[in-house]
Every structure is written in C-alpha cells, then in structure tokens.
Amino acid sequence: DLCANVEGRLCTRAELFDDCTSNSGCKMNDHHIWSGTAVTASEPTTSAPAGSPTPKPTDSPTIKPTPSPTNELTDAPTPPPPTSGSYYAVCGSSTGICAGDELQASSSDLHEVRCCSDVLISGWEKRAGCDVWGESNIPACHTGKTWVEANDLCANVEGRLCTRAELFDDCTSNSGCKMNDHHIWSGTAVTASEPTTSAPAGSPTPKPTDSPTIKPTPSPTNELTDAPTPPPPTSGSYYAVCGSSTGICAGDELQASSSDLHEVRCCSDVLISGWEKRAGCDVWGESNIPACHTGKTWVEANDLCANVE
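Conventions used here
- Residues numbered from 1 in each chain as written.
- Predicted model: local features only at pLDDT ≥ 70, side-chain atom pairs only at ≥ 80, totals over all residues.
- Heavy atoms only, no water.
- Salt bridge = Lys/Arg side-chain N within 4 Å of Asp/Glu carboxyl O.
- Helix = DSSP H or I, 4+ residues; strand = E, 2+ residues; numbered from the N terminus.
- Buried < 20%, exposed > 50% of the residue type's maximum accessible area, 1.4 Å probe, protein only.
- pLDDT = per-residue confidence, 0-100.
- Contact = heavy atoms within 4.5 Å.
- Core = buried A, V, L, I, M, F, W, Y, C linked by side-chain atoms within 4.5 Å.
- Pairing = 2+ DSSP bridges.
- Phe/Tyr/Trp six-rings, centres within 6.5 Å; stacked < 30°, edge-to-face > 60°.
- Lys NZ or Arg CZ within 6 Å of the ring centre and 35° of its normal.
- Disulfide = S-S within 2.5 Å.

Under the counting rule described, the total for this entry stands at eight salt bridges. Across the pair Asp269 and Arg9 runs a salt bridge, and its minimum N-O distance is 2.9 Å. Of the two residues, Asp269 sits in the loop between β13 (266–268) and β14 (276–277) while Arg9 sits in strand β2 (residues 9–10), which places them 260 residues apart along the sequence. Residue Glu166 pairs with Arg160 through a salt bridge whose shortest N-O separation is 2.9 Å. The exposure class of Glu166 is buried, given its relative accessible area of 12%. Residue classification places Arg160 among the buried residues on the basis of a relative accessible area of 10%.

Okay, here's the thing in structure tokens:
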C-alpha cells in the first residue's frame, strides 16, 4: 500500500474536507482523492452529510485511443437517438488535464455539454481541421447534464452533440465555459460489440478521475469525525473527496467502488520529514510519496500510504 510505505495512511474523509492535503503537490487539487473512510451499508449511494447537494462536472478514468492513418475515427453526425444506453464522453481538449481520455458512460451519468453544427451559426467557430462549427455557450454554460439533457440542449440551438471523432479533433476545444479539463458528451453510442473498457487501437493508460457526486454542507453540530482507518477490507466502497476546497470539484465527494481509479494523497498522525501540517489539521499530509500516484484502486492507494518510509 503506497501510504503505509511511509508509515502513513489514507486520510479520513473529514481530513480531506478539512484540506489537510490540499496544495501538497502533484497537481491533484482538481481531482478526487481516496479516503480511508468506508461507505456503510446504511448509506445510499447518493447520500452525503447534511445539505442540499449540487452535482458537479466529472472526469473519469478511461482509455486513450491512438490514432492511425489507416484507422481513423469516422463517426457520422448523430441520428435521432435512443434515450438510454452508453455514449462516449471525450476530454474537452487535447491540451486539457484529461487529454486524450474518453469514457464509455451511461446515459444517466453527468457530463459537460458542448455542441456542433454542420452549418454556420452566428458566433460559433470552425476550428482548423474541422468540418463543423462548435460552441460551449449555448447561450449559457451547461455542466453536469445527462446525455438526454445534453442532446436536447444542442438540438434546441439548432445544433447537435459532436461525434466522438469531432471531439478528439478539438472541434470544440477552447470554445468557452472552462470545460477543456472535463469530459464532454458525444453523440456517438457505444456499440454492444465494444467491451466497456475498449477504445481505438493503442496501449491505453488510465488517467485521473473526477466524478459527479454530492456536496456536503458542514454544520457545527454535525461535523465529520472519522477516526483514522483501521486495517481495512480489500473490497467495498470508500469515499473519494475533491483534492481541495479551491479545486474545480470543490466540496464534491464520490462513493466509489474499491476497484475504481482515483488519486493518492497520504496522512500521518506523526511528523514525517517533508510532510506538512496545515492550519486546522491534527495530521501531516503529502502527495509526493516519494512520487505522484494517479489512477489507483483503493487497495493500491492504501498500500502506497502504508508503505511510505
């Protein structure tokens, strides 16, 4: 376990919400960090501490296609679609944090909305190498939408969801709304013949993830008071919490299966050289242990923190 190797441990859910590892390096403030706090059987999978939650944008680990001159993506514009199933959600830009990533997402998942059009719409831009015009402000920014909601938003402005290929070609990159680092709904359905981890030819590398979830509203009379993690089971669900209260995913948490992939930051109840105790925290935190670790299962993360020497 990565954190145990430094005589550390995974931080509790409360410690992560208290920013005890915020700004500790590895550019993880905008991503969800594994906690050592298990989701109990009594908690529904969408529950969180008291408050009125607001879904947030998502980035999820996925597969990076490797284009080939003889194996190009040639998706046609979207026909009138079904309202259920799985569709590709593609990173908003080839220069974004999630560059090259795509997610085979259920239509009920929440992702961002950018639109394409086969004809000029005033204010929309046709980018180099693209045959379509793209835009994010339609006329407002839309984040955390289901596939059906995204499809309707584009149709209502006389556009459509971009194809998977158009998104990989950056046809909506830098079109506004600060979505370059997030996954964008495409109109391209995942076919039954494609396994849920498949992608175009290449050797994919999983990327950091941020997933839509629930924002807790702390209360002086209902504080998170998780105790440090006891020796844990190797399966089940655990909280993954946004890396910083100032991150893109600020306040978000995910009730994640232990097989999901998230980032690793560690806590320690005693001083470890180079680790920092932040204001309001009783623990020391660090991201570089001694390297940065992204896209790890819960067991891998727990081991990394336990093995910090």
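Now for the confidence of the model for the protein chain. Summing up the model confidence of the protein chain, the mean pLDDT is 80 and the portion of residues at 70 or higher is 71%. The low-confidence segment residues 45–64, where pLDDT is below 50, has 82 contacts with residues more than four positions distant or belonging to other chains.

With that settled, consider unusual backbone geometry. With the exception of glycine, most residues fall at negative phi, and the peptide bonds are largely trans. Residues Ile138 and Pro139 are joined by a peptide bond in cis, for which omega reads -15°. For the peptide bond that leads from Ile289 to Pro290, omega is -10°, which places it in the cis range. With respect to the helices and strands, the residue Pro290 is situated in the loop between β15 (284–286) and α4 (298–305). A positive phi angle is found at Cys26, which is not glycine, with a value near 70°.

Let us look at the nonpolar core. Leu10, Trp34, Val264, Cys266, Trp275 and Ile289 are the most contacted members of the largest nonpolar core, which totals 17 residues. Those elements that place two or more of their residues in this core are β11 (237–242), β12 (253–257) and α4. Broken down by element, the residue count for this core peaks at four residues, all from α4. Counting residues in each nonpolar core, the second largest holds 16 residues, with Tyr87, Val113, Trp124 and Ala150 among its members.

Let's shift gears to the sheet that holds β2. Strand order in the open sheet made by the four strands is β2-β13-β15-β14, with antiparallel pairing throughout. This sheet does not close on itself; its edge strands, each paired only once, are β2 and β14. Relative to β15, β14 is paired through two bridges, and the arrangement is antiparallel. Across the sheet, Glu276 pairs through a bridge with Gly285, a residue of β15.

This brings us to the packing of aromatic side chains. A full pass over the atoms with the stated rule returns two aromatic pairs. Aromatic side chains Tyr87 and Trp147 sit 3.9 Å apart centroid to centroid with 15° between the ring planes, which places their arrangement in the stacked category. You can see Tyr87 sitting in strand β4 (residues 86–91) and its partner Trp147 sitting in helix α2 (residues 147–155), a full 60 residues away along the chain. The residues Tyr87 and Trp147 share a single accessibility class, namely buried. Ring plane angle 15° and centroid distance 3.9 Å describe the contact between Tyr238 and Trp298, whose orientation is recorded as stacked. Highlighted residues: Tyr238 in strand β11 and Trp298 in helix α4, separated in sequence by 60 residues. Residue class for Trp298 comes out buried when judged on its relative accessible area of 1%. In this arrangement the basic side chain of Arg164 is found over the ring face of Tyr88, its NZ or CZ atom lying 3.9 Å from the centre.

It is worth spelling out the state of the cysteines at this point. Tallying each qualifying case throughout the model produces ten disulfides. The disulfide that involves Cys116 links it to Cys162, with 2.0 Å between the sulfurs. Judged by the torsion about the S-S bond (95°), the Cys116/Cys162 disulfide is right-handed. Of this pair, Cys116 sits in strand β6 (residues 115–117) while Cys162 sits in the loop between β9 (160–161) and α3 (164–168), and the two are 46 residues apart along the sequence. Of the two residues, Cys116 and Cys162, neither departs from the other in class, the shared state being buried.

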